[in-house]
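Residue-level structural notes
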Number of protein chains: 2
Amino acid sequence: MTTIGFIGLGIMGRPMAFNLLTAGYELVGLSRHCEVRDQLVERGARAALDVETACSDADVIITMLPDSPDVAEVVLGERGVLNSAKPGSLYIDMSTVSPDVEREIALEGRRKGIRSLDAPVSGGEKGAIDATLSIMVGGEKEDFLLAMPIFKALGSTIAHVGPNGAGQTVKAANQLIIAGAIEVLSEAIVFLQASGVEMDAAMTVLAGGLAGSRIMEAKSQAMIASQFTPGFRLDLHRKDLGIVLDAAKRAGVAVPATGLTAQLFAAAVSQGLGHQDHSALIEVLKGLSAQA
Amino acid sequence: MTTIGFIGLGIMGRPMAFNLLTAGYELVGLSRHCEVRDQLVERGARAALDVETACSDADVIITMLPDSPDVAEVVLGERGVLNSAKPGSLYIDMSTVSPDVEREIALEGRRKGIRSLDAPVSGGEKGAIDATLSIMVGGEKEDFLLAMPIFKALGSTIAHVGPNGAGQTVKAANQLIIAGAIEVLSEAIVFLQASGVEMDAAMTVLAGGLAGSRIMEAKSQAMIASQFTPGFRLDLHRKDLGIVLDAAKRAGVAVPATGLTAQLFAAAVSQGLGHQDHSALIEVLKGLSAQA
């Protein structure tokens with residue numbers, strides 16, 4: 001029986017852990033919140049208060065944490081995952097962090113006999129609950145195959161995309177494209193609204209042609225109506241764009257439009273839009289064009 | 001029987017004129033090229049050598065010309081459409097030009113008893129040949145309804161989007177979104193390629209999620225393989241971005257990412273990519289990141 005240590009039981013991590021329990025895995029969940037620990041125990045899991053306890057029995061350790069420093073601390077720290085897990089165990093980071101952090105963990109893990117994968121996801125809270133996440137996996141192919149039953153309990157689109165760090169690279173590209181699509185759609189909508197066009201007819205004809213996209217399908221009506229309930233929080237997407245710019249710099253690649261878009265996301269956070277859906281970026285574009 | 005005067009029998013205009021003949025319209029086509037005039041006559045149309053001859057008999061006059069100055073000259077000039085057409089006739093511009101030009105034509109036409117519509121298209125040469133164009137129409141609703149049988153002979157998605165000029169505004173938004181999508185996809189592909197990711201697996205997982213778009217479906221494989229046979233010519237998209245920036249300025253709207261993208265399209269033309277497909281923009285991004 002495979003035992004999983006799960007660290008990071010937030011909006012995404014909690015439903016993922018529950019799906020693993022449903023799939024029949026033994027699970028030890030780490031949370032500082034006693035309600036979350038109670039929920040775990042109710043569902044037949046064990047609850048841990050520190051990383052060592054969450055890892056010491058586990059065959060597989062999963063982290064789902066907010067940002068690179070969190071992962072670095074929890075995994076590489078003195079009482080972290082790599083110093084607590086059994087040799088031969090498999091570490092899987094499903095957070096969205098820098099590819100560099102994953103490469104460092106893989107290197108350090110190899111020294112300690114712990115294999116590792118980076119496996120960031122897209123699909124949001126709904127995908128986590130419904131077990132329909134897209135999972136982009138970097139690492140050794142054999143480790144990927146070993147983890148496949150776990151990924152199948154969490155997502156529907158699962159791809160091995162390269163060596164350690166490659167999962168995060170593809171996730172970064174995903175966040176780059178989505179941010180750019182929201183920015184460009186924002187410009188188009190503000191322009192159309194300022195020009196006195198019939199918006200419903202315009203969006204229908206745009207969506208039917210080469211301009212069509214998932215972002216347009218999912219977000220344009222709400223953007224036109226200025227309804228920004230998340231969805232995916234704008235301040236988290238801003239954090240991800242920081243990872244993108246850093247990873248692009250390390251890869252020696254210029255991403256000029258993403259640089260601009262990241263600045264507009266930063267402006268959106270400054271304007272108090274961080275807890276809105278990322279499509280609230282349109283409010284920054286509207287503000288640039290507000291007529292006096 | 002409706003007689004149509006057709007001015008601008010280029011790559012787009014010629015198959016459109018042929019589709020109107022197939023639908024049973026009488027047609028007078030204007031071309032400076034004798035082979036094109038011969039083709040028209042072969043198919044039962046009449047051929048004209050000047051605007052006056054193309055218009056004098058026509059109930060409907062259609063132009064399909066390269067740019068704003070061409071339309072302004074052909075329509076507003078001394079021996080142009082508005083001075084040659086019968087009062088009560090309908091003028092339809094299907095070129096991609098500035099919304100402002102269309103508003104000026106509508107105003108001037110009204111003085112002379114000639115109604116007008118702007119009806120730019122998307123779908124390219126293939127859409128023109130197959131009569132599957134998307135047609136975005138600005139002007140009076142009753143004129144739109146009058147022209148509907150003509151539009152149905154040319155396209156499959158037909159929408160009335162507002163007053164005169166609104167068709168060009170929506171077309172401008174279409175070109176803005178597509179240019180932005182190509183730019184952002186270019187950045188993502190260059191970044192992924194520089195990062196040693198398995199491209200097929202990466203693009204599959206990206207296309208399956210919120211990052212998916214028609215541009216990604218249609219262009220990413222060719223962009224990865226550096227195959228840029230048009231499609232839609234990059235220098236024409238650059239011209240369209242000039243219209244977008246001008247229209248946005250007149251609407252009082254800032255479009256910062258489109259401004260940047262237009263500069264990169266200009267760089268692509270300078271680098272000799274103007275006659276390639278617009279997705280050849282990726283070569284500019286690659287050049288920015290070429291490793292010494």
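Residues numbered from 1 in each chain as written. Chains lettered and ligands numbered in written order. Predicted model: local features only at pLDDT ≥ 70, side-chain atom pairs only at ≥ 80, totals over all residues. Heavy atoms only, no water.

As a further point, take the overall build of chain A. Scanning chain A from terminus to terminus reveals 14 helices and nine strands. In terms of overall dimensions, chain A has a C-alpha envelope of 65 × 45 × 35 Å along the principal axes. A burial count over chain A gives 58% of its 292 residues as buried. Once local pairs closer than 6 in sequence are excluded, the contacts in chain A between residues at least 24 apart make up 66%. Total accessible area on chain A is roughly 11,600 Å²; 51% of this is exposed by carbon and sulfur atoms. Charge-centre separation for chain A: the mean point of 24 positive side chains lies 3 Å from the mean point of 33 negative side chains. (Helix = DSSP H or I, 4+ residues; strand = E, 2+ residues; numbered from the N terminus. Buried < 20%, exposed > 50% of the residue type's maximum accessible area, 1.4 Å probe, protein only. Contact = heavy atoms within 4.5 Å. Areas by Shrake-Rupley, 256 points an atom, 1.4 Å probe, with all protein chains shown as cover. Lys, Arg positive; Asp, Glu negative; His and termini not counted. Charge placed at Lys NZ, Arg CZ, Asp CG, Glu CD.)

Take the side chain of A:Ser84 next. Residues and elements named next belong to chain A. With respect to the element layout, Ser-84 can be found in helix H5 (residues 81–84). Overall, the relative accessible area of 14% leaves Ser-84 in the buried class. In terms of polar contacts, Ser-84 uses its side chain to reach the backbone carbonyl oxygen of Gly-80, at 2.7 Å. In contact with Ser-84, other than residues within four places in its own chain, are Val-51, Glu-52, Cys-55, Ser-56 and Arg-79. (Polar contact = N/O pair within 3.5 Å; in protein donor to acceptor, adjacent residues only side chain to side chain.)

Attention now goes to the relation of the copies chain A and chain B. The transform that puts chain A on chain B rotates by 180° and translates by 0.0 Å along the axis, for an RMSD of 0.1 Å. Between the two chains, the operation in question is that of a two-fold axis. By C-alpha distance to the rotation axis, the residue of chain A lying nearest is A:Ser213, at 2.0 Å. (Least-squares fit on C-alpha atoms with pLDDT ≥ 70 in both.)

Now for the domain arrangement of chain A. Residue and element names in this part refer to chain A. Its domain assignment divides chain A into domain 1 (3–163) and domain 2 (169–288). Every contact between the two is made by 13 residues of domain 1 and, on the other side, ten residues of domain 2. If you sort the residues of domain 1 by the area they bury against domain 2, Thr-96, Pro-99 and Met-136 come out on top, with a joint share of 42%. On the surface where domain 1 and domain 2 come into contact, there are one salt bridge. (Domains from an automatic or database assignment. Buried area = accessible area lost by both parts, 1.4 Å probe. Salt bridge = Lys/Arg side-chain N within 4 Å of Asp/Glu carboxyl O.)

So, on to the interface of chain A and chain B. Opposite the 63 residues of chain A that make contact, chain B presents 63 residues. Here chain A packs against chain B, burying approximately 5,000 Å² in sum over the two surfaces, 73% of which is carbon and sulfur. On the chain A side of the contact with chain B, A:Phe191, A:Val205 and A:Leu210 bury the most area, a combined 14% of that side's loss. Counting the contacts that link chain A with chain B gives zero salt bridges. The tally of links from chain A across to chain B stands at 14 residue pairs in polar contact (both at pLDDT 80 or more).

Let's shift gears to the pattern of salt bridges. Residues and elements named next belong to chain A. Summed over all chains, the structure comprises 28 salt bridges over all chains. A salt bridge links Arg-115 to Asp-143; its shortest N-O distance comes to 3.5 Å. Taken together, the residues span a long stretch of sequence, with Arg-115 in strand S6 (residues 115–118) and Asp-143 in helix H8 (residues 141–152) at a distance of 28 residues. Relative accessible area serves as the criterion here: at 33%, Arg-115 is assigned to the partly exposed category.

Before going further, it helps to spend a moment on unusual backbone geometry. Residue and element names in this part refer to chain A. Residue Gly-231 is bonded to the preceding Pro-230 through a cis peptide linkage, with omega at 10°. Here Gly-231 lies in the loop between helix H11 (214–224) and helix H12 (234–251). Phi is positive for Ala-131, which is not a glycine, with a value near 55°. Relative to the helices and strands, Ala-131 is located in the loop between helix H7 (124–130) and strand S8 (133–138).

Right, let's get into the packing of helix H4 (residues 68–76) of chain A against helix H6 (residues 99–111) of chain A. Residue and element names in this part refer to chain A. The geometry of H4 relative to H6 is characterised by a closest axis approach of 10 Å and an angle of 5° between their N-to-C directions. It follows from the interaxial angle that H4 and H6 lie roughly parallel. Facing Ser-68, Val-71, Val-75 and Leu-76 of H4, the residues of H6 in contact are Val-101, Glu-104, Ile-105 and Glu-108. By residue class, the composition of the contact of H4 with H6 is five nonpolar, one polar and two charged. (Axes fitted to C-alpha atoms, helices over the stretch in contact; angles between N-to-C directions. Parallel < 35°, antiparallel > 145°, perpendicular 65-115°, else oblique. Nonpolar A, V, L, I, M, F, W, Y, C, P; charged D, E, K, R; others polar.)

With that out of the way, let us pick up the side chain of B:Asn164. Residues and elements named next belong to chain B. When you line up the elements, Asn-164 lands in the loop between strand S9 (155–162) and helix H9 (166–194). Residue Asn-164 is classed as buried on the basis of its relative accessible area of 11%. Reaching out from Asn-164, the side chain makes a polar contact with the side chain of Arg-110 at a distance of 3.0 Å. A polar atom in the side chain of Asn-164 sits 2.8 Å from the backbone oxygen of Ser-116.

Another point: the environment of B:His275. Residue and element names in this part refer to chain B. When you line up the elements, His-275 lands in the loop between helix H13 (256–270) and helix H14 (281–288). Take His-275: its relative accessible area is 57%, and that puts it in the exposed class. Sequence separation of His-275 and Ala-72 is 203 residues, and the distance between their C-alpha atoms is 25 Å.

Right, let's talk about the packing of H9(B) against H14(B) for a bit. Any two packed helices are characterised by how steeply their axes cross, that is the angle between the axes, and by the distance between the axes. All names here are of chain B. At a closest axis distance of 9 Å, the pairing of H9 and H14 adopts a crossing angle of 45°. Classified by the interaxial angle, the pair formed by H9 and H14 is oblique. For the element pair H9 and H14, the recorded crossing hand is right-handed. The residues of H14 that touch H9, namely those facing Ile-182, Glu-183, Ser-186, Glu-187, Ile-189, Val-190 and Gln-193, are Leu-281, Ile-282, Leu-285 and Lys-286. Class assignment of the residues belonging to the contact of H9 with H14 gives a composition of six nonpolar, two polar and three charged. (Left-handed = near helix turned anticlockwise from the far one by under 90°.)

Here the focus is the nonpolar core. In this structure, A:Val170, A:Ile177, A:Leu192, B:Val170, B:Ile177 and B:Leu192 are the most contacted members of the largest nonpolar core, which totals 98 residues. Counting residues in each nonpolar core, the second largest holds 35 residues, with B:Met12, B:Leu20, B:Met64 and B:Ala128 among its members. (Core = buried A, V, L, I, M, F, W, Y, C linked by side-chain atoms within 4.5 Å.)

On to helix H1 (residues 13–22) of chain A, then. Most of H1(A) is tucked away: eight of the ten residues are buried. Just downstream of H1(A) lies A:Gly24, where phi reads positive at about 100°.

Successive side chains on a regular strand alternate, one facing one side of the sheet and the next facing the other. All names here are of chain A. A large share of strand S1 (residues 3–7) lies buried, amounting to five of its five residues. What you see with S1 is no split at all: Thr-3, Gly-5 and Ile-7 on one side and Ile-4 and Phe-6 on the other are buried throughout. As judged from the five bridges shared by S1 and strand S2 (residues 26–30), these two strands associate in the parallel manner. Bridge pairing in S2 places Ile-4 opposite Leu-27. Looking at chain direction, S1 and strand S4 (residues 60–63) are connected through four bridges and run parallel. From the neighbouring strand, Phe-6 faces S4, where its bridge partner is Ile-62. (Pairing = 2+ DSSP bridges.)

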